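Residues per chain, in single letters:
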Amino acid sequence: DSGVTQTPKHLITATGQRVTLRCSPRSGDLSVYWYQQSLDQGLQFLIQYYNGEERAKGNILERFSAQQFPDLHSELNLSSLELGDSALYFCASARSSYNEQFFGPGTRLTVL
Amino acid sequence: AQTVTQSQPEMSVQEAETVTLSCTYDTSENNYYLFWYKQPPSRQMILVIRQEAYKQQNATENRFSVNFQKAAKSFSLKISDSQLGDTAMYFCAFREYGNKLVFGAGTILRVKS
């Protein structure tokens, strides 16, 4: 158990819908990263937050957005969902951008 | 942009034997980290081993060791005394200081009894 929690574990929804994925980092970790794992694209970085502020952006679609709240938990919002958004979404946390990242168990999103 | 290449999509090994997974990367940076992550069927991402680029000495964690060749930009993982529980997808990953992880495509390792 890495200490990073993600909810829900599984999510099934329809095209065009909007969903929110939640991540609680390990106690004391200020940095949160979101990654997407799909068959087509492999594992790729989406976005990073550090202590509430966006720090880095990767291959994140405009339909996706994220935020980190004062209690340091983070949410990834996916809207206008398409079939190709079906993937495993991981959250990872770290003390800072320079420390080791610990991964949560992931949220499996299925878009039908 | 940094890239990580794992040229072996699948590997298999007999229980108790040794297997080596290959990884090459491309970067113009001098300071960075390299990692091997294991993803078993549960899908959890588990850190196996890490290597700081400035360290000459190869990292070792129990049955897992790496062969880090900085000039060749090569970072292979050796698993000794393979166990059935080692069956998983293995990802090589690269990280510049203060930056995101960049992953390779992964190698599926099957340990046979």
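Conventions and cut-offs
- Residues numbered from 1 in each chain as written.
- Chains lettered and ligands numbered in written order.
- Predicted model: local features only at pLDDT ≥ 70, side-chain atom pairs only at ≥ 80, totals over all residues.
- Heavy atoms only, no water.
- Helix = DSSP H or I, 4+ residues; strand = E, 2+ residues; numbered from the N terminus.
- Rg over C-alpha atoms; globule rule 2.2 N^0.38 Å.
- Contact = heavy atoms within 4.5 Å.
- Areas by Shrake-Rupley, 256 points an atom, 1.4 Å probe, with all protein chains shown as cover.
- Lys, Arg positive; Asp, Glu negative; His and termini not counted.
- Charge placed at Lys NZ, Arg CZ, Asp CG, Glu CD.
- Buried < 20%, exposed > 50% of the residue type's maximum accessible area, 1.4 Å probe, protein only.
- Pairing = 2+ DSSP bridges.

(A) Layout of the overall build of chain A. Within chain A one finds zero helices and 11 strands. Put simply, chain A runs from its N terminus to its C terminus through helices and strands in the order β-β-β-β-β-β-β-β-β-β-β. Relative to a compact globule of 112 residues, whose C-alpha radius of gyration would be 13 Å, chain A shows 13 Å and is just as compact. Counting only C-alpha atoms, chain A reaches 35 × 30 × 25 Å along its principal axes. Long-range pairs, those at least 24 residues apart, make up 55% of the contacts in chain A with a sequence separation of at least 6. Accessible surface, chain A as shown: approximately 5,400 Å² in total, 46% of it carbon and sulfur. With 9 positive and 11 negative side-chain charges, chain A shows a spacing of 3 Å between the two charge centroids.

(B) How the structure looks around the pairing of strand β7 (residues 64–68) of chain A. All names here are of chain A. Alternating positions in β7 separate cleanly, F64, A66 and Q68 being buried on one face and S65 and Q67 remaining unburied on the opposite face. Sheet topology note: the β7/strand β8 (residues 74–78) ladder contains five bridges and is antiparallel. Bridge assignment links A66 to a residue of β8, and that residue is L76. Where β7 folds back on β8, the antiparallel hairpin that results is connected by five residues, among which L72 adopts a positive phi of roughly 80 degrees.

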